Amino acid sequence: MPDEVTLTIDGKQITVPKGTLVIEAAKKLGIDIPVFCYHTKLEPVGACRQCLVKIEGFPKPQVSCSTQVAEGMVVHVNTPEVKQMWESMLEFLLINHPLDCPVCDRGGECPLQDNTFKYGPPDSRFEHEKRHFEKPVPLSSLVLLDRERCILCFRCVRFQREIADQPDIYVANRGYGDYIDIFPGKPFESNFSGNTIELCPVGALLSSLFRFRARPWEITKTESICPNCGVGCNITIDDRRRRYVVRFLARINDEVNEHWLCDRGRFNSHTINDPDRLVKPLVRKNGELQEATWEEALTVALEGMRAAGSHAGGIGSPARTNEANYLFQKFMRQVIGTNNVDYTFEKRTDGSTGALASAIASVFFNGRISDIAESDAILCLGSDISYDLPLLDLWIKKAVRKLGKNLVFAYPLKAELAKYARPFLSYHYGQEAEFTRELASAVSGTSWQPLAGVRMEDIDLASEVLKSANYVTVMVAKSMIESAENGRDVLKSLQWIADSLKSRNVRVQVMLLVQGANTFGAMDVGLLPGYLPGYKPADKGLTGWEMLEKAGSDISALWIMGQNPARDLFHTEAFTAALQKLDMLVVQDHILTETARYAHVVLPSSTFAETEGTFTNTERRIQRINPAIRRVGNSKADTDIIIEAASLAGADFNYSKVEEILTEISNTVPQYQGVTFDAIGPFGRYLGDLK
Amino acid sequence: MIGELIKGLGVTIKHALTSKRVTIEYPEQKRTLGPRARWRHVLLRHEDGLERCIGCSLCAGACPARCILVEAAENREGARYSPGERYAKVYEINMLRCIFCGYCQDACPVEAIILRPIYEISEYTRDAEIYTKDMLLMPYPNPQTEDLGNTNA
Ligand code: SF4
Ligand code: SF4
Ligand code: SF4
Ligand code: SF4
Ligand code: FES
């Protein structure tokens, strides 16, 4: 085979693809080589010289992380000579290392410590004064740098340059005087800065939130999913004594988040540890919220909700589990007797929800995150991805910058991704339908008039890019379909684009971009007005927006689970006024939110860190979250609260385990067939290909 | 049978009258302990009064009984407890669980914790057996007892 190379490492033969690095070939044979600067996701630079090996024919040792294999190459790793080189390299590194492991956050999980124990010198021969720097200097409010500990592997700088393309940090000076720095007056504000902390092979880059909070041996780790956006990055929740969360780390999942997290997700542990977490149910008595027992609170809540009957409403949450949202809609429909259930209070245009529901039910949205990098052209519509779904921003940057794929980016504002686009299509707000129709016409070769503010030649270029590709990823923001005027037309145009491309033998995958960690799941499990689990049509109900609009008239009681409309970005005043008109407002949340302050009954619930269940992300991958810490005070999981309320009302909600709820979902929702905790596994299960 | 009884009592009486007494009148009288006796822990200070402990939790990591809890914090301008960046904000030992093995003393990189021959550590409640940092830390400036101050452990 011309594309394969056979070489010998430590006397063992191995055949690998051409271009493989020596270190990767050795890894395949199970031969360990210590590294600092090398990382599978970064370009090799050979900065630290730790990975030296002996290759026959070369007079000097070679760095295995940046040397490619060659036919007939003979490599020696486990020889006294190589071991001596590793030891010497470590001795060099340690000359300037402060060795303050006892007070270093990395101590206990530090590659420098580990490699030194394994291959390093037993003692130090260095008798002089070590380098000194100020300890630690803040690079931003989140990232601190201890320059004494830095071993100049440049992983941090390379990550910011190669992966995030936000080169906020750089290497100052040359040679012995090298150090990492920020540009004057410009803090390290990349929204992926936290990854450099995880990449740093020593304790030089530190998280200001985690610093001194725990040593690695005091930490318990729990596999979970980031609840902050629709990507659903795989995380590890690190906690101490099952009592409080100390940090989130990225968990490698090459189909979702690779090795990375964004800063919004990584540094968002404070509400879990909030000292003001609700620990007891509250009931309004004489105008004041007062502590009550669970039974009392639930009885009051039930009475109020049932008195309203079909004039009651329930709003669940795109950040709560499938199980909680499923039970919530079942409870509202069967126990309270109302059709008014929704997962959001966003304003949606008439009929758009129905159109979206049937598109989802017919598996129009079948896109996979990992295929973004496989496709030749990416059409991104209506979302500032870098803000809405940060990790997808990294996937797109990888596709465009590293793999040379084309991005067609359509958004009214010049968002971050606009600079990678060819072309960038800036349509007018409110003219989403016109714009997508123009694009669809261009792709299908129908004549059209420019109405939406985008130049004709740009649209033509975009359609050329799409038509000349073999594989196209179409990503469309849910808001573009649901909130835009004539959002239904957007969907039609999309279907038109997809069909025209397919008729030209272009492979197309379409992805619905949702913002909540479980928006997709909430819709799937029937927390939708007018749709039962699995998008089965039901009697019409009001949307969340309409419920708030009709509060005091058509709606007299509301149960809100895990949402805070009284702090909505755009409608705070209107929503607050609406909430005050209700006869009964039940709020289920973990802190006393602005909304909860107007409630008649407040039910303390668990955060995701205390909860077992599943989330379904924007590509419709179902993933598990697991409880890391103990419940706080008398708070309860959402599912337990609903089960208890239902049984108080005499309904038959018999679930002894969360998994039983999932089983019921998998029996009810066709796309979830056969889904169990085991079937989901640690890395989730993609549901788009299940009918 | 009576004869045997008398014979046995005789032995008892003989010992009672002739052997040396081994019990002492505690607490009026106290036993001298062996030179390597180690009981209650003490957290030491530097000469200038700063705490030696840097809150590194290595003792807690070494402790086989898992009875030490350390929560660290940063020394700040105007609130300096120890030299360097880090100090122990919380330091607790559950004396009921401690087996007085001395591993903590062994693990400490800055010789901050030592076990002293102070064995009077009985209490009436379990909670009182959780020794907190202010109970463990050597008083400053005047160490009350010689035992606490002696660092040649
Ligand atoms: S700060 Fe860390 S990651 Fe960056 S160069 Fe130094 S050692 Fe490497
Ligand atoms: S991209 Fe989304 S899921 Fe991933 S860490 Fe950020 S907020 Fe969390
Ligand atoms: S003496 Fe042993 S058991 Fe007691 S605290 Fe120290 S390490 Fe733990
Ligand atoms: S007593 Fe010693 S080992 Fe324990 S936390 Fe303090 S400095 Fe670290
Ligand atoms: S790992 Fe090869 S030079 Fe750094």
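As the structure is a prediction and not an experimental result, all values here were calculated from the model.

**Structural notes on the overall build of chain A**
(1) Moving on: Counting its secondary structure elements, chain A contains 21 helices and 30 strands.
(2) Moving on: A globule of 691 residues ought to have a C-alpha radius of gyration of about 26 Å, and chain A, at 28 Å, matches this closely.
(3) Moving on: If one aligns the C-alpha atoms of chain A with their principal axes, the spans along those axes are about 85 × 65 × 50 Å.
(4) Moving on: Residues classed as buried in chain A amount to 61% of the 691 residues present.
(5) Moving on: In chain A, 69% of the contacts between residues at least 6 apart in sequence involve partners at least 24 apart.

**Regarding the sheet that holds strand S12 (residues 234-240) of chain A**
Residue and element names in this part refer to chain A.
(1) Moving on: With antiparallel pairing, three strands are arranged side by side in an open sheet as S11-S12-S13. The outermost strands of the open sheet, each flanked by one partner alone, are strand S11 (219-225) and strand S13 (244-250). Averaged over all pairs of adjacent strands, the angle between strand axes in this sheet comes to 30 degrees, irrespective of strand direction.
(2) Moving on: Of the pairings in the sheet, the one linking S11 to S12 comprises seven bridges and is antiparallel in character. Note that in S12 the partner of Ile-219 across the bridge is Arg-240.

**Topic: the site of ligand 4**
(1) Moving on: Taken together, the neighbourhood of ligand 4 is formed by 13 residues, with Cys-53, Cys-56, Ser-57, Cys-59 and Cys-108 of chain B sitting nearest.
(2) Moving on: Grouping the constituent residues of the shell around ligand 4 by class yields 11 nonpolar, two polar and no charged.

**Some remarks on the packing of helix H7 (residues 294-308) of chain A against helix H8 (residues 322-336) of chain A**
Residue and element names in this part refer to chain A.
(1) Moving on: Where H7 meets H8, the closest approach of the two axes is 10 Å, and the angle between their N-to-C directions is 65 degrees. On the basis of their axis angle, the class for H7 and H8 is roughly perpendicular. Across the interface between the two elements, Leu-302, Met-305 and Arg-306 from H7 touch Phe-331, Met-332, Val-335 and Ile-336 from H8.
(2) Moving on: Here the contact of H7 with H8 is composed, by residue class, of six nonpolar, no polar and one charged.

**What about the site of ligand 1?**
(1) Moving on: Taken together, 13 residues sit near ligand 1, with Cys-150, Cys-153, Phe-154, Cys-156 and Cys-200 of chain A positioned nearest.
(2) Moving on: Tallied by class, the residues present in the shell around ligand 1 amount to 12 nonpolar, no polar and one charged.

**What to know about the sheet that holds strand S2 (residues 68-74) of chain B**
All names here are of chain B.
(1) Moving on: With respect to topology, three strands assemble into an open sheet ordered S2-S3-S5, the strand pairing being antiparallel. Each of the sheet's edge strands pairs with one partner strand only, and the pair in question is S2 and strand S5 (130-131).
(2) Moving on: Where strand S3 (residues 86-94) and S5 come together, two bridges link them in antiparallel fashion. Residue Ile-93 lies in a different strand from S5, and its bridge partner there is Tyr-131.

**Comments concerning a nonpolar patch on the surface**
(1) Moving on: Taken together, Ile-2, Leu-5 and Ile-6 of chain B make up a surface patch of nonpolar side chains, about 350 Å² in accessible area.
(2) Moving on: A relative accessible area of 58% means that Ile-2 of chain B is categorised as exposed.

**Considerations on the pattern of salt bridges**
(1) Moving on: This model, assessed by the stated rule, comprises 54 salt bridges over all chains.
(2) Moving on: As a salt-bridge pair, Arg-507 of chain A and Asp-371 of chain A come within 3.8 Å of each other at their nearest N and O atoms. Residue Arg-507 of chain A is found in strand S22 (residues 507-513), and its partner Asp-371 of chain A is found in the loop between helix H9 (352-361) and strand S18 (377-381); the two are separated by 136 residues along the sequence.
(3) Moving on: Each of Asp-100, Lys-135, Asp-146, Glu-148, Arg-149 and Arg-211 of chain A together with Glu-74, Arg-76 and Glu-85 of chain B takes part in a single network of salt bridges with overlapping partners.

**Overview of helix H12 (residues 432-444) of chain A**
Residue and element names in this part refer to chain A.
(1) Moving on: Between its first and last C-alpha atoms H12 spans 18 Å; for 13 residues at 1.5 Å apiece the expected length is 18 Å, and the two agree.
(2) Moving on: Most of H12 sits inside the fold, with 10 of its 13 residues counted as buried.
(3) Moving on: Turning to H12, its buried residues number three or more, namely Glu-432, Ala-433, Phe-435, Thr-436, Glu-438, Leu-439, Ala-440, Ser-441, Ala-442 and Val-443.
(4) Moving on: Each element contacted by the buried residues of H12 is listed here: S18, strand S19 (406-410), strand S20 (424-425), helix H13 (456-467), helix H14 (478-482) and helix H15 (487-503).
(5) Moving on: With its phi angle positive at about 80 degrees, Gly-445 sits one or two positions after the end of H12.

**Focus on the confidence of the model for chain B**
Residues and elements named next belong to chain B.
(1) Moving on: Within chain B, residue pLDDT values average 90, and 92% of them lie at 70 or more.
(2) Moving on: Across residues 149-153, where pLDDT falls below 50, the model places seven contacts with residues more than four positions away in sequence or in other chains.
(3) Moving on: The complex prediction reports pTM at 0.93, with the ipTM value standing at 0.87.

**Digging into the side chain of Arg-106 of chain A**
Residue and element names in this part refer to chain A.
(1) Moving on: When you line up the elements, Arg-106 lands in the loop between helix H2 (80-95) and helix H3 (111-119).
(2) Moving on: With a relative accessible area of 14%, Arg-106 lands in the buried category.
(3) Moving on: Among the polar contacts made by the side chain of Arg-106, one reaches the main-chain carbonyl oxygen of Cys-200 at a distance of 2.7 Å.

**Some points on the interface of chain A and chain B**
(1) Moving on: Facing the 16 residues of chain A at the interface are 15 residues of chain B.
(2) Moving on: A combined buried area of about 1,200 Å² lies between chain A and chain B, and 53% of that area is made up of carbon and sulfur atoms.
(3) Moving on: Run the count over chain A and chain B and you get five salt bridges.
(4) Moving on: Of the charged contacts, one joins Arg-149 of chain A and Glu-85 of chain B as a salt bridge, the two residues approaching to 3.7 Å between their closest N and O atoms.
(5) Moving on: Counting across the chain A and chain B interface gives eight residue pairs in polar contact (both at pLDDT 80 or more).

**Overview of the packing of aromatic side chains**
(1) Moving on: According to the stated counting rule, one finds 15 aromatic pairs over all chains in the structure shown.
(2) Moving on: Look at Tyr-81 of chain B and Tyr-87 of chain B: their rings are 4.1 Å apart centre to centre, the planes differ by 20 degrees, and that puts the pair in the stacked class.
(3) Moving on: Looking at Tyr-81 of chain B, the relative accessible area reads 35%, which means it is partly exposed.
(4) Moving on: Positioned over the ring face of Tyr-387 of chain A is Arg-264 of chain A, at 5.3 Å from the centre of the ring.
(5) Moving on: Over the ring of Tyr-471 of chain A we find Arg-507 of chain A, and its NZ or CZ is 4.0 Å from the ring centre.

**Overview of the domain arrangement of chain A**
A common way to state how big an interface is: give the accessible area lost once the parts meet.
All names here are of chain A.
(1) Moving on: On domain assignment, one finds that chain A holds domain 1 (4-94), domain 2 (111-207), domain 3 (282-347 + 543-689) and domain 4 (353-513).
(2) Moving on: With centres defined by C-alpha atoms, the gap from domain 2 to domain 4 works out at 39 Å.
(3) Moving on: On the side of domain 4, 10 residues touch domain 2, which itself brings eight residues to the contact.
(4) Moving on: At the boundary of domain 2 with domain 4, total buried surface from both sides reaches about 640 Å², with 42% on carbon and sulfur atoms.
(5) Moving on: Sorting the residues of domain 2 by area buried against domain 4 places Ile-163, Asp-165 and Phe-192 first, and these three jointly supply 65% of that buried surface.
(6) Moving on: The residue Arg-401 makes a salt bridge to Asp-165 at a minimum N-O spacing of 3.5 Å.
(7) Moving on: Applying the counting criterion to the domain 2 and domain 4 interface returns six residue pairs in polar contact (both at pLDDT 80 or more).

Basis of the calculations
Residues numbered from 1 in each chain as written. Chains lettered and ligands numbered in written order. Predicted model: local features only at pLDDT ≥ 70, side-chain atom pairs only at ≥ 80, totals over all residues. Heavy atoms only, no water. Helix = DSSP H or I, 4+ residues; strand = E, 2+ residues; numbered from the N terminus. Rg over C-alpha atoms; globule rule 2.2 N^0.38 Å. Buried < 20%, exposed > 50% of the residue type's maximum accessible area, 1.4 Å probe, protein only. Contact = heavy atoms within 4.5 Å. Pairing = 2+ DSSP bridges. Axes fitted to C-alpha atoms, helices over the stretch in contact; angles between N-to-C directions. Near = heavy atom within 4 Å. Nonpolar A, V, L, I, M, F, W, Y, C, P; charged D, E, K, R; others polar. Parallel < 35°, antiparallel > 145°, perpendicular 65-115°, else oblique. Patch = residues over 30% accessible without salt bridge, like charges linked within 9 Å, V, L, I, M, F, W, Y side chains within 5 Å. Areas by Shrake-Rupley, 256 points an atom, 1.4 Å probe, with all protein chains shown as cover. Salt bridge = Lys/Arg side-chain N within 4 Å of Asp/Glu carboxyl O. Expected span 1.5 Å × (residues − 1). pLDDT = per-residue confidence, 0-100. Polar contact = N/O pair within 3.5 Å; in protein donor to acceptor, adjacent residues only side chain to side chain. Buried area = accessible area lost by both parts, 1.4 Å probe. Phe/Tyr/Trp six-rings, centres within 6.5 Å; stacked < 30°, edge-to-face > 60°. Lys NZ or Arg CZ within 6 Å of the ring centre and 35° of its normal. Domains from an automatic or database assignment.

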